[in-house]
Amino acid sequence: MRSGPMKVIIAGAGIGGLAAALSLHKQGIACEIYEKVPELLQLGVGLTLLPHAMTELDALGLVPALDRVAVRTEHLYYRTRHGQNVWDEPRGLKAGYKVPQFSIHRADLQQVLLNAIRERLPAGALTLDAAFEDVTEHQDGIVARFRKADGSSLEVDGDILIGADGIHSAVRSKFVQDEGKPRWSGLMLWRGSVDWPRFMDGRSIIISGGTDCKFILYPIGPGKTPATQLMNWAAVIRQAAPGGLPPAREEWNREARHEDLRALLSRFTVPEADIAAMVAATPMFWEFPMCDRDPLPRWSFGRVSLLGDAAHAMYPFGANGAAQAILDGRALADVLGAGATGAEAMQLYQAERLPKANDVVARNRNGGPERVIDEVEARAPDPFADIDAVLPRADRETIVRGYSRLAGFAAEQLERT
Ligand SMILES: Cc1cc2nc3c(=O)[nH]c(=O)nc-3n(C[C@H](O)[C@H](O)[C@H](O)COP(=O)(O)OP(=O)(O)OC[C@H]3O[C@@H](n4cnc5c(N)ncnc54)[C@H](O)[C@@H]3O)c2cc1C
C-alpha cells in the first residue's frame, strides 16, 4: 500500500521523458526518471522546435538556455528538388508569434532539459542504466522493475508509470502484444551536421523536394568561426514501397557510408550551398529507415500510459516528433495538477492527447505540410516559369496552413504578440 504524496515513474530520459518531468515538477508533482543507457551520449542531429512546443518550453523558463546553444529560425523555404520556390514564410518571432522558433541539435536540447532537471528536481530524480522490464499494478499504485547492465534489477514504486521509452518502447510492448516491428515507409533518411559557411541570413530552413526525394538544410548552432555555423543536413530517398521490411533495424544512431549517398546528391539543386562538398566534409553521419507505428486506439492501461514516440512514433515530416512529445508532458502535468489520480488520470490524459497525436501520425504519412512540394512536382516535374500557374497560391496555402492547425501551432491557436 502506497502512502505519501503522488509520485510519477517515467521510463526513458529522451526529449519526451525529460520535458514531462519538468512539467510535472512545475505542478509540484514528484517524479523519478529511469533511463536504459548508462550514459547519455551526444546522439542525433537537428530538430526543429515549433511554436506549440516552444510555448511549453517558454513556460518552463528554458528560452535563455536554448538561446545559448540553438539558432532562432526566421524563415522557411519549401522548394522543388531543382531549387525553385514552392512556398516560403517567416517563422517564429518574425511571423508574429510570442515565442521564437529554434533549430537545435537533439543532444543540445537533451542537455538543456537535463541541466534543468539537475537544477530543479531533487538529487537522484534521474537514474541511468535502468532498462524498463516489467510493471505490476496494485490497488494504490504500481511497482516497476528496471534492469541494470550487470544483470541486477531495481524495483521502484509510484502512483503511475509513464512509458517514454521511444519507438521500441518496452512499456508499450508489455500492453500491446504481437505488434511487431515499426512500419517502414520505404524511405531512407541520412542525416549529419558539420561546421559550414552560413547561407542567407543564417536563420533559414530550406526543404527541397517532395516525399520520395528530399534534401533539408538548416543551421542548428554556432560555428567554429564567425563565418560558419553548425549546419544540419538530411537527405530522404525512396528505396521501396511503404510497408515492407527495412534493410536494417530502425536505429536512430546507425552510422552511414558516404558511398551509399554520394551519387544520389546530384538529384538536388540548392543554389545557396555546395551540398556535395558539405556532405563529403561531414566526418560521420547516420542513416535511419524512416519508420512509424500504426496509431493505437488506446495508450492508457490502468495506471500506466505512454508518451512521445512510445505512444505515437511518426515520420519526421513537419518537425513534430519532439514537439508532440513535449505537448504530451504538459497535458499529463495539467491532468495530475488538476487533481486527477491513478487510472482516471491516465484516461483523461489519453482523451486529451491521443486523437490529436494520432492525426499527426496519419498526416505525416502523407508528407505533412511538405506535401505541397509533392503536389507541385507531380504537376511540374521539370523546372517551371510561374509557380502560380502550376498550383495557385490559395491551394498551396490550404495544404501548409491545414497542417499547422492539425498539429496545433497555427497562429490563431497560440497567443500572439
Ligand atoms: C539516439 C537517438 C537519436 C535521435 N535522432 C533524431 C534525429 O536526428 N532527428 C529526429 O527528428 N529525431 C531523432 N530522434 C527521435 C526523437 O528524439 C524523438 O522522435 C522525439 O524527440 C520524441 O522523443 P521521445 O522522448 O519520445 O523518444 P526518444 O527521444 O527516442 O527517447 C526515448 C528514450 O528512452 C530510452 N529507452 C529506450 N528503451 C528503454 C527502456 N526499456 N527503459 C528505459 N529507457 C529506455 C532511450 O534510450 C531514450 O533515451 C532520436 C532518438 C534517439 C533515441
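As a reminder, the structure under discussion sits directly above these lines.
Residues numbered from 1 in each chain as written. Predicted model: local features only at pLDDT ≥ 70, side-chain atom pairs only at ≥ 80, totals over all residues. Heavy atoms only, no water.

### Some thoughts on the nonpolar core
This is how it is decided: What we call a nonpolar core is a set of buried Ala, Val, Leu, Ile, Met, Phe, Trp, Tyr and Cys residues that are connected through their side-chain atoms within 4.5 Å. Relative accessibility under 20% of the residue-type maximum defines a buried residue, over 50% an exposed one, and the middle range a partly exposed one, all with a 1.4 Å probe and only protein chains included. By definition, any uninterrupted DSSP run of H or I lasting at least four residues is a helix, any uninterrupted run of E lasting at least two residues is a strand, and each is numbered from the N terminus. In what follows, residue pairs with any heavy atoms lying within 4.5 Å of each other are defined as contacts.
Formed by 74 residues in total, the largest nonpolar core has its most connected members in Ile 10, Leu 57 and Leu 66. Element by element, the count of residues in this core is highest for helix α9 (residues 321-337), at eight residues. Sequence-distant contacts of Leu 66, defined by excluding residues within four places in its chain, comprise Leu 49, Met 54, Leu 57, Phe 102, Ile 104, Leu 109 and Val 112. Formed by 27 residues, the second largest nonpolar core is a distinct cluster that contains Trp 87, Ile 216, Tyr 218 and Val 372.

### Quick look at the packing of aromatic side chains
Definition in use: Ring pairs shown here join Phe, Tyr and Trp side chains whose ring centres sit within 6.5 Å, with only the six-membered ring taken for Trp; geometry is labelled stacked below 30 degrees between planes, edge-to-face above 60, and tilted in between. Put simply, a charge is over a ring when the Lys NZ or the Arg CZ is close to the ring centre, within 6 Å, and near the line of the ring normal, within 35 degrees.
In total, this model carries seven aromatic pairs according to the counting rule given. Between Phe 132 and Phe 146, the aromatic rings sit 5.9 Å apart at their centres with planes inclined by 75°, giving edge-to-face as the arrangement. Taken together, the residues span a long stretch of sequence, with Phe 132 in strand β9 (residues 131-138) and Phe 146 in strand β10 (residues 141-147) at a distance of 14 residues. Each member of the pair, Phe 132 as well as Phe 146, carries the same accessibility label: buried. These aromatic residues form a ring-pair network of at least three members: Phe 215, Trp 233, Phe 268 and Phe 285. Over the face of the ring belonging to Tyr 77 we find Arg 79, whose NZ or CZ atom lies 5.4 Å from the ring centre.

### Some points on unusual backbone geometry
A positive phi angle is found at Asp 129, which is not glycine, with a value near 55°. Along the polypeptide, Asp 129 turns up in the loop between β8 (126-127) and β9. Its relative accessible area of 17% is what places Asp 129 among the buried residues. One non-glycine residue, Met 200, lies in the positive phi region at around 50°. In this structure, Met 200 sits in the loop between β13 (183-197) and β14 (204-208).

### Re empty space enclosed by the protein
Where we set the bar: Here a cavity denotes grid points, spaced 1 Å and computed from the protein atoms alone, that fit a 1.4 Å probe unable to get out, and a pocket denotes an open set having protein on both sides within 12 Å along at least 5 of 7 lines; residues with an atom within 4 Å of a point are the lining. Grid points are joined across faces, edges and corners, and a volume is the space filled by probe spheres set on the points. Polar here means any residue other than Ala, Val, Leu, Ile, Met, Phe, Trp, Tyr, Cys and Pro, which are nonpolar, and Asp, Glu, Lys and Arg, which are charged; Gly is therefore polar.
According to the stated counting rule, one finds one cavity of 30 Å³ or more in the structure shown. Taken as a whole, the largest cavity spans an internal volume of roughly 40 Å³. Lining the largest cavity are Leu 40, Leu 41, Gln 42, Ala 107, Gln 110, Gln 111 and Leu 114. Counted by class, the lining of the largest cavity contains four nonpolar, three polar and no charged residues.

### Notes on the site of the ligand
Put simply, the test is: For this description, a residue counts as near a given molecule or strand if any of its non-hydrogen atoms is within 4 Å of it. Here a polar contact is recorded for every N or O atom pair within 3.5 Å, except that within protein the pair must consist of a potential hydrogen donor and a potential acceptor, and residues adjacent in sequence are included only if both atoms are side-chain atoms. Here, Shrake-Rupley sampling with a 1.4 Å probe gives the accessible areas, and only protein chains in the shown set may cover a residue.
Close to the ligand lie 30 residues; Gly 16, Glu 35, Arg 106, Phe 132 and Asp 309 are nearest. Within the contact set of the ligand, an oxygen atom lies 2.8 Å away from a side-chain nitrogen or oxygen of Arg 106. Between the ligand and Arg 191 there is a distance of 2.9 Å, counted from an oxygen atom to a side-chain nitrogen or oxygen. For the ligand, whose unbound accessible area comes to 920 Å², protein coverage reaches 89%.

Taken by themselves, the reported measurements are silent on function.
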